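# Summary of the model geometry
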Amino acid sequence: MSNYLISISKNETLSDGIIHDPKSKLKVKAFDLLRARFKPSKGEVRFFVTAGDETLAFETQGYNKHRQLLVLQMISWYCIYLGLIEAQIHSSLPVHFS
């Protein structure tokens, strides 16, 4: 699995960072749905992660025909980084959270 870069501003928590892929220049923004408001952007790809009581949203920034597999790899890498070993990735917001 590749290594990616994470950027987090001083005002954000670790679960609200941006994952960067240095090779493809793709960026994926993470949102903690319990602490932040998430408004989907048109033309971007998004996935949702549930792990215990955590629910995160991930959305690409500047999606330009990147492979969805790359996006999923970046999300799974980030979940492992956060210690969310039991994370499940969903293509839509889970019903129990809506």
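Predicted model only: the values in this text are computed from it and were never measured.

### Digging into the sheet that holds strand 5 (residues 54-61)
Read across the sheet, six strands follow the order 1-2-3-5-4-6 without closing on themselves; strand pairing throughout is antiparallel. Looking at the sheet topology across the chains shown, the edges are occupied by strand 1 (5-7) and strand 6 (88-90). Within the sheet, the average angular offset between the axes of one strand and its neighbour, ignoring direction, is 25 degrees. Relative to strand 3 (residues 27-32), strand 2 (residues 18-20) runs antiparallel, the two being bridged by three bridges. From the neighbouring strand, Ile19 faces strand 3, where its bridge partner is Val28. Across the sheet, helix 1 (residues 68-82) lies against strand 1, strand 2, strand 3, strand 4 (46-51), strand 5 and strand 6, angled at about 30 degrees from strand 4, the strand it touches most.

### Thoughts on the nonpolar core
If you look at the biggest cluster of nonpolar residues, it comprises 19 residues, and the most contacted ones within it are Ile19, Val28, Phe58, Met74 and Ile75. If you list the elements that add at least two residues to this core, you get strand 3, strand 4, strand 5 and helix 1. When residues in this core are grouped by element, the largest group, seven residues, is from helix 1. Setting aside residues no more than four positions away along its own chain, Ile19 makes contact with Tyr4, Leu5, Leu26, Lys27, Val28, Phe58, Met74, Trp77 and Tyr78. Listed in part, the five residues of the second largest apolar core include Phe31, Leu33, Phe38 and Ala57.

### Some remarks on the pattern of salt bridges
Scanning the model with the defined rule gives two salt bridges in all. Arg35 serves as the salt-bridge partner of Asp32, at 2.2 Å between the closest nitrogen and oxygen. Look at Arg35 and you get exposed, because its relative accessible area is 59%. Glu59 serves as the salt-bridge partner of Arg46, at 3.3 Å between the closest nitrogen and oxygen. Placement of the pair is Arg46 in strand 4 and Glu59 in strand 5, with a sequence separation of 13 residues. Of the residues examined, Arg46 reaches a relative accessible area of 25% and is grouped as partly exposed.

Criteria and cut-off values
Residues numbered from 1 in each chain as written. Predicted model: local features only at pLDDT ≥ 70, side-chain atom pairs only at ≥ 80, totals over all residues. Heavy atoms only, no water. Pairing = 2+ DSSP bridges. Helix = DSSP H or I, 4+ residues; strand = E, 2+ residues; numbered from the N terminus. Axes fitted to C-alpha atoms, helices over the stretch in contact; angles between N-to-C directions. Contact = heavy atoms within 4.5 Å. Core = buried A, V, L, I, M, F, W, Y, C linked by side-chain atoms within 4.5 Å. Buried < 20%, exposed > 50% of the residue type's maximum accessible area, 1.4 Å probe, protein only. Salt bridge = Lys/Arg side-chain N within 4 Å of Asp/Glu carboxyl O.

By themselves, these observations are geometric and do not establish any function.
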